[in-house]
Amino acid sequence: MLRTIFNLLVIAAFVAFLGFAVALGIFFYFGRGLPDYQQLADYEPPTVTRFYAGDGRLLAEYAVEKRVFVPVEAIPKRVIKAVLAAEDKNFYDHPGVDVLSVVRALVDNLSHLGQNRRPQGASTITQQVAKNFLLTNELSLDRKIKEAILAFRIEHAFSKDRILELYLNEIYLGFGSYGVAAAALNYYDKSLDELSIEEAAYLAALPKAPNNYHPINKPEAAKARRNWVIERMASQDFISDSAAKAAKAAPLVVARKRGTADIAKADYFVEEVRRELLERYGEDALYHGGLSVRTTLDPKLQATAERTLRAGLIHYDRRHGWRGPIARIDPGPAWPQLLAALPKPKGLGEWRLAMVLNLDADAAWIGFADGGLGKIPLAKMQWARPWLEGEYLGPKVEKPADVVEVGDVVAVEADRNPVDGVTPPPGTYGLRQIPEIEGGLVAMDPHTGRVLAMTGGFDFEKSEFNRATQALRQPGSAFKPFVYLAALNAGFTPSSLILDAPFVIDQGPGLGKWKPMNYGEKFYGPSTMRLGIEKSRNLMTVRLAQTIGMGTVVKVAKRFDIVDDMPPILSMALGAGETTLLRLTNAYGMLVNGGKRLDPSFIDRIQDRHGKTIFRQDPRNCEACAVTHWLDEEETPEEETNGVPSISEVPELPALSEGIADQGSVYQVVSMLEGVIERGTGQIVRSIRKPLAGKTGTTNESLDAWFIGFSPDLVVGVFVGFDVPRSLGPRETGSRAAAPIFRDIMAETLKRKPAVPFRIPPGIQLVRVNAQTGLPARPGDRRVILEAFKPGTEPKERGPVLDGSTGVGEPTVPTDGTGGLY
């Protein structure tokens, strides 16, 4: 008997040794060449880069894998328990492999052998980490063995919490969500700590196969899987039975993430920021780095910019007539299907496509692809006179048939505008047309260079080309203020007299004579410099540029960063050099801020995934700003809170930028540009009745229309033109095509703000002068204005008239054949 027991023990020991040797051999064989699991110690998963507006609201997200990394200590226990109940209830007890679960799965798989069923797995969370980070999804015994070996190694090297953190931030949970935090946002538009039991359970149900439990496509399977997780949570005493019962009874409802729907469209602005980040940090940082980017965007101002530019372009487009329907389809019984099959035109936006069903004397009756009906009253179509080449108009519209025919597909918009206090009945629509005309608008803070709003076209979907930053166009007369600034620096005053008379220069052999003209082709004789800029006189500007020398003008243009390599020819004084709307608006910003250098910026601050600031637009430090509160008059500066003092005076920071022009000369230009709005080509803006200054710009044949203007604390630039340059049409100058857009955005932006005058620098004297002669006002003078003079430059009597016969520099002539601009 004892011998038998001894033999059995020997056999058992031999079998154990053999098993150990086999296991050791397997471990050695499959353990060779496995990926280095130590890399998980420094693992930083790809996370979402987010752009925020200046007020902190989300603008955009960029990522290959939309993931929000959350440390395990910040993940709510409810979420962790739901995941453990569904995926690995013994996670905190096993060494990386759950042997009991492996045996249970082995028995189950053997019992279903030959049934063409996918084998059941028993992978722990640690094994899933090994597979997801270090191995492939290959379904094989080799991979399972390697997975188990790596799981043991990972468990030995890392804490359970670190392993769980890697898992919860890495797993794919459907809806483009990587990690539980992204899934909470995408499925429920909630943060993790806001999830209910049933919501946490549903997310925990997804790791196995998100598509099999899709809440919309497979709601029954999704709810069943969620309830199974809830039951598991209750069985593990993670939640009470009553809580489980209530959670199971709750409907499975998802609330897709709203994203940026609550903020103004800012597609052009966001794309500009994206390009800057791409250039600064590269593609990997942008799409994987989890950067947090605080932009300069003002959402309210951006919404106003989008709205006013679109309205201005539509208004221009309607002034120049109807170009015809979007398409024509057979008005037979199948018209709804034909209409639904039509591709949506780019730029349609919130307008709808409709087909004309019938016409009568008073309206066009229309139908929609969804079966809805409506009408376009004749009054809403009378703008649609036929478009004629050259931006002319055809005959007036007398009846709907003059505009559309049955079968025409047109763009319409519900008409909700009251007429004589009466709102149109439901089903009333206005005829719309996607404009061909394009434009751009930029709004900046002239003291910091922060771009507060920008839109680069009618619709980003229609064209991603940014007319504010990418379009090189001639600014025309919008460049003239910098010619006048150069003249003021050379000793001229706003009251200096300049001859407004014909100007002819021989350009050289075979080039003919250059004869710039004023708009309207009239001459006005000797006029003050102020009058020359207010009325945008070309001939005065050319004479002035010839006298001071174009080299001087070129230097000013370069200092104000308008044009990089401007040739020193006279046509450049009339704005023939190409620039962008952003650069010209920035240059005007340097006028209103007193001649200080300004660099436009779209980004205030960039932080990496760990919250460390890696870029800050304003590099200044302000130690004195670290205070608890501002002191009242009764308080003393010695009072402190937690060792941090309180102060009563605003700390002074060092100047952010250098001066690039004489403050006195710059203010004189600002004062003259105020006159442009009060008495000159920008009078359409005067209705705002706030201190404003600006300048119109129109190029030859009205190819480009501009208005750049500013208040003391906001500068706005507007450009209007066709992408393939052609005339805007008769009388379509900057004052008609662009200035109304400037007026509308300024009116809305400034309507609740106090009227702040422009800041007058030290040394400037305001003298009452006759607006016509520029001489000191006398009793009885009717047109009297306040003119800005530097000390000792006030006129005492009528001075000489600048007629171009003498000059400060060598006369320069155009050599490019460019004609006059106005």
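Residues numbered from 1 in each chain as written. Predicted model: local features only at pLDDT ≥ 70, side-chain atom pairs only at ≥ 80, totals over all residues. Heavy atoms only, no water.

## Comments concerning the confidence of the model for the protein chain
Quick reminder of the rule: pLDDT is a residue-level measure of predictor confidence that goes from 0 to 100. Between two residues, a contact is recorded if the distance between any of their heavy atoms is within 4.5 Å.
Taken as a whole, the protein chain shows an average pLDDT of 86; of its residues, 84% reach a score of 70 or greater. Counting contacts from residues 28-32, a segment whose pLDDT is below 50, to residues more than four positions away or on other chains yields seven contacts. Across residues 806-822, where pLDDT falls below 50, the model places 60 contacts with residues more than four positions away in sequence or in other chains.

## Digging into the nonpolar core
Here is the rule: Remark: nonpolar core denotes a set of buried residues (Ala, Val, Leu, Ile, Met, Phe, Trp, Tyr, Cys) joined through side-chain atoms within 4.5 Å. Accessibility here uses a 1.4 Å probe with only protein chains present; expressed as a share of the type maximum, an area under 20% marks a residue as buried, one over 50% as exposed, and anything in between as partly exposed. Secondary structure elements are defined from DSSP: runs of H or I of at least 4 residues count as helices, runs of E of at least 2 residues count as strands, and each element is numbered from the N terminus.
Ranked by internal contacts, the top residues of the largest apolar core, which has 90 residues, are Phe51, Phe482, Phe560, Tyr588 and Leu591. Top contributing element to this core by residue count: helix α19 (residues 581-592), with eight residues. Ignoring anything within four residues of it in the chain, the contact list for Leu591 reads Pro481, Phe482, Leu485, Phe560, Val666, Val669, Val670 and Leu673. Judged by nonpolar contacts, the second largest core, of 53 residues, contains Val79, Leu166, Met233 and Ala244.

## Some details on the pairing of strand β14 (residues 438-444)
Put simply, the rule is: Criterion used throughout: strands pair if DSSP finds at least two bridges between them.
Taken across its seven residues, β14 has seven buried, putting it largely inside the fold. Across seven bridges, β14 lies against strand β26 (residues 714-721) in antiparallel orientation. The residue bridging Ala443 from the neighbouring strand is Val716, located in β26. Taken together, the four bridges between β14 and strand β15 (residues 451-455) define a ladder with antiparallel strand orientation. When the bridges of β15 are listed, Leu441 appears paired with Thr455. Between the end of β14 and the start of β15, which pair antiparallel, lie six residues, with Gly449 showing a positive phi angle near 85°.

## Overview of unusual backbone geometry
Positioned with a positive phi, Phe175 is a non-glycine residue whose angle comes to about 55°. If you trace the backbone, Phe175 turns up in the loop between α6 (160-170) and β4 (177-178). Classification of Phe175 as buried rests on a relative accessible area of 16%. The residue Ser702 is not glycine, and still its phi comes out positive at about 55°.

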